[in-house]
Amino acid sequence: MILRTTNSRTRPAIRKVRTTAALRPLRHRLDPATVEEIPFRAGDGVRLGLTRIDSGEPDRPAVLLLHGHTASADMFLLPETRNLVDVLLDDGYEPWLLDWRGSCRLPYNETGQRYTYDDVALYDIPEAVSHIRQRIGDRPLFVVAHCIGSLTLSLSMTAGLVPGLAGVVSQGVFLTPKLAGRTSLRMSVAGELLKSRIDHIPVDFRTVGFWSKYTPLFALASRKASCPDPTCQILHNSAWGTGASLFVHEHLSEATHHRLAELLGPAPLWILPHLRRIELARTVVRWHDGDHRYRALPPNALDAAARIDTPVLLLAGSENGLWLDSQKLCHDVLARRQPQLDVTYTEIPGYGHLDTFLGRGAALDVFGHILDFLGEER
């Protein structure tokens, strides 16, 4: 493990934690005039980010992009490669990007009011869909969702909060989360052991310094790692300490690899109880059972899957080191329990989890499947 240390006579700098809800600027190579940042708040008043990419043509179908937890809209706009927004624009769509409260462009994972995935499903996604529909009128609206963005979308859909979507592409996980046994165990044990000492796991070693309470986590992540970069180790080799892997290393360009600490932020430990309950149930379950504000959400999303009213493409890399074969499991379960639903499953050979969007070859190997699905439902 390669560590950068400061002069021994100086103390490490105090870690800077953002307390403002202002969004960090997006990085892209689009004409700034085409990028519309829209002031946006969730249904409970939390400030989020909503961005529209103006295609210059008013009649295009809209596509809402939902990132995973600790990622952001940046994952769809990589300037160093041909990204999903590029592909959608070229194929005649109008991209919309939501930074929900789990975005690393916002400070909520480190500071501010804590939340559960119930809040994302009840407030963030429905409010974004409602706002977009006010702008696009009766044009079709698709959704492409990644990881926890997809998981929470499934809860919104089975609650009937986002009816009438033209189609949904779910990447990584949807209704039936499945983790490896060691990942599930580490998640439970680490959550209990660490919750009294830390409330989140950072990914950028440079911001915490060598003499910090996070150093043992980075040291553990470095075991048997082939890459010397600490951020890569804690993501690729450990997935925030869970022992899972977030991407196939060789699929990332050098520029994307250098940006990992920008593209993926700290993981909050206080979200683990809800995630743990979801994983044990092997479906998306509501956390707030006794709070009347969340009664619109089903207690068990899989039991309410009959409410899904749109075609769904379940997409996954064959080497997904985080959610394993969750998407294949979901397809098989829905085919048995809800055969009337229009659900298909596509596996991307050789791809992991995040590299399905961040990979330098994703435009050739992955995005074509998304465009084919959207085109069929357009």
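Undergrad: Could you give an account of the overall build of the chain, naming the residues involved and the relevant values?
TA: Looking only at helices and strands, one finds 13 helices and 10 strands in the chain. Taken over C-alpha atoms, the radius of gyration comes to 20 Å for the chain, in line with the 21 Å a tight globule of 378 residues would show. When burial is assessed residue by residue, the chain has 59% of its 378 residues classed as buried. Look at the contacts in the chain between residues 6 or more apart in sequence, and 76% of them connect residues 24 or more apart. Accessible area of the chain: about 15,700 Å², with a carbon and sulfur share of 51%. Treating the 42 positive side-chain charges of the chain as one cloud and the 42 negative ones as another, the clouds have centres 10 Å apart.

Undergrad: Hey, could you go over the pattern of salt bridges for me, with residue numbers and the actual values?
TA: Considering all chains together, one arrives at 24 salt bridges under this definition. The shortest N-O distance in the salt bridge between Glu37 and Arg105 comes to 4.0 Å. Highlighted residues: Glu37 in strand β1 (residues 35–41) and Arg105 in the loop between β4 (94–99) and α2 (117–136), separated in sequence by 68 residues. Connected via shared salt-bridge partners are Glu36, Arg52, Asp54, Glu94, Arg135 and Arg139.

Undergrad: Before we move on, could you go through the packing of aromatic side chains and cite the residues and values that matter?
TA: With the rule as written, the count across this model stands at 5 aromatic pairs. A ring pair is formed by Phe357 and Phe367, whose centres lie 6.3 Å apart and whose planes are at 35 degrees; its orientation type is tilted. With Phe357 in helix α11 (residues 355–358) and Phe367 in helix α13 (residues 367–377), this pair connects stretches of sequence that are 10 residues apart. Each member of the pair Phe357 and Phe367 is classed as buried. Through a chain of ring-to-ring contacts, three or more aromatic side chains come together here, namely Phe76, Phe357 and Phe367. It is Arg378 that lies over the ring of Tyr93; its NZ or CZ is 4.4 Å from the centre.

Reading the values: the criteria
Residues numbered from 1 in each chain as written. Predicted model: local features only at pLDDT ≥ 70, side-chain atom pairs only at ≥ 80, totals over all residues. Heavy atoms only, no water. Helix = DSSP H or I, 4+ residues; strand = E, 2+ residues; numbered from the N terminus. Rg over C-alpha atoms; globule rule 2.2 N^0.38 Å. Buried < 20%, exposed > 50% of the residue type's maximum accessible area, 1.4 Å probe, protein only. Contact = heavy atoms within 4.5 Å. Areas by Shrake-Rupley, 256 points an atom, 1.4 Å probe, with all protein chains shown as cover. Lys, Arg positive; Asp, Glu negative; His and termini not counted. Charge placed at Lys NZ, Arg CZ, Asp CG, Glu CD. Salt bridge = Lys/Arg side-chain N within 4 Å of Asp/Glu carboxyl O. Phe/Tyr/Trp six-rings, centres within 6.5 Å; stacked < 30°, edge-to-face > 60°. Lys NZ or Arg CZ within 6 Å of the ring centre and 35° of its normal.

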